[in-house]
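Commentary on secondary and tertiary structure
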Amino acid sequence: MALSRSTGGYPDRMTDHDERGTTMTGVDPGRLDDQQLMKELETIHRTRHDTLLYGSNDALRAHNERMAQLEGEYLRRNPRRTVASGRTREGARDRTTGSPA
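First, a word on scope: everything that follows refers to the structure included in this document. For clarity, every value in this text was computed on a predicted model and none was experimentally measured.

For helix 2 (residues 57-77), built from 21 residues, the straight-helix expectation of 30 Å at 1.5 Å per residue is met to within 8% by its first-to-last C-alpha distance of 30 Å. Those residues of helix 2 not exposed but buried are Leu60, His63, Arg66, Met67, Gln69, Leu70 and Glu73.

Have a look at this one:
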């Protein structure tokens, strides 16, 4: 059953999903609007830990592929995203040496 945008779902043409073998990887991230992409990223990051610890090898492989697709699309759309100084190598070194940020 396809969900429509009016119900907060994905594009009407859910049949246009990616398939590799028999694995459905979801809607092409390029077809998601920015809000949908962020929701997908939040969901996949939230489920990452459980998938790593308890998922089958196939589930982990599918999770890795989907996460890479979604993150790649986010980075493509946001090449100049804000980078916090504490999230760089230099910022990490400053934290370990006790230097002010």
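This part takes up the packing of helix 1 (residues 34-54) against helix 2. Closest axis-to-axis distance for the helix 1/helix 2 pair is 10 Å, and the angle between their directions is 145 degrees. Here helix 1 runs over helix 2; the crossing is left-handed. Where helix 1 approaches helix 2, its residues Asp34, Leu37, Met38, Glu40, Leu41, Ile44, His45, Thr47, Arg48, Thr51 and Leu52 are matched on the opposing element by Ala59, Leu60, His63, Asn64, Arg66, Met67, Leu70, Glu71, Glu73, Tyr74 and Arg77.

Before going further, it helps to examine the pattern of salt bridges. Two side chains that carry opposite charge are able to pair once their charged atoms sit near each other. Here the structure, examined in full by the defined rule, presents five salt bridges. The closest approach of N and O atoms between Glu73 and Arg76, which form a salt bridge, is 2.6 Å. Here Glu73 pairs with Arg76, and both are found in helix 2, just three residues apart, close to one helical turn. According to the relative accessible area criterion, Glu73 is buried, its value standing at 9%. Sharing partners across several salt bridges, the network here consists of Asp34, Glu73, Arg76 and Arg77.

Turning next to a nonpolar patch on the surface. On the surface, a cluster of nonpolar side chains totalling about 370 Å² of accessible area is made up of Leu52, Leu53 and Tyr54. Mapped onto the fold, Leu53 is located in helix 1. Using a relative accessible area of 46% as the deciding quantity, one classes Leu53 as partly exposed.

Calculation notes
Residues numbered from 1 in each chain as written. Predicted model: local features only at pLDDT ≥ 70, side-chain atom pairs only at ≥ 80, totals over all residues. Heavy atoms only, no water. Helix = DSSP H or I, 4+ residues; strand = E, 2+ residues; numbered from the N terminus. Expected span 1.5 Å × (residues − 1). Buried < 20%, exposed > 50% of the residue type's maximum accessible area, 1.4 Å probe, protein only. Axes fitted to C-alpha atoms, helices over the stretch in contact; angles between N-to-C directions. Left-handed = near helix turned anticlockwise from the far one by under 90°. Contact = heavy atoms within 4.5 Å. Salt bridge = Lys/Arg side-chain N within 4 Å of Asp/Glu carboxyl O. Patch = residues over 30% accessible without salt bridge, like charges linked within 9 Å, V, L, I, M, F, W, Y side chains within 5 Å. Areas by Shrake-Rupley, 256 points an atom, 1.4 Å probe, with all protein chains shown as cover.

Any functional reading would require information beyond the geometric quantities listed.
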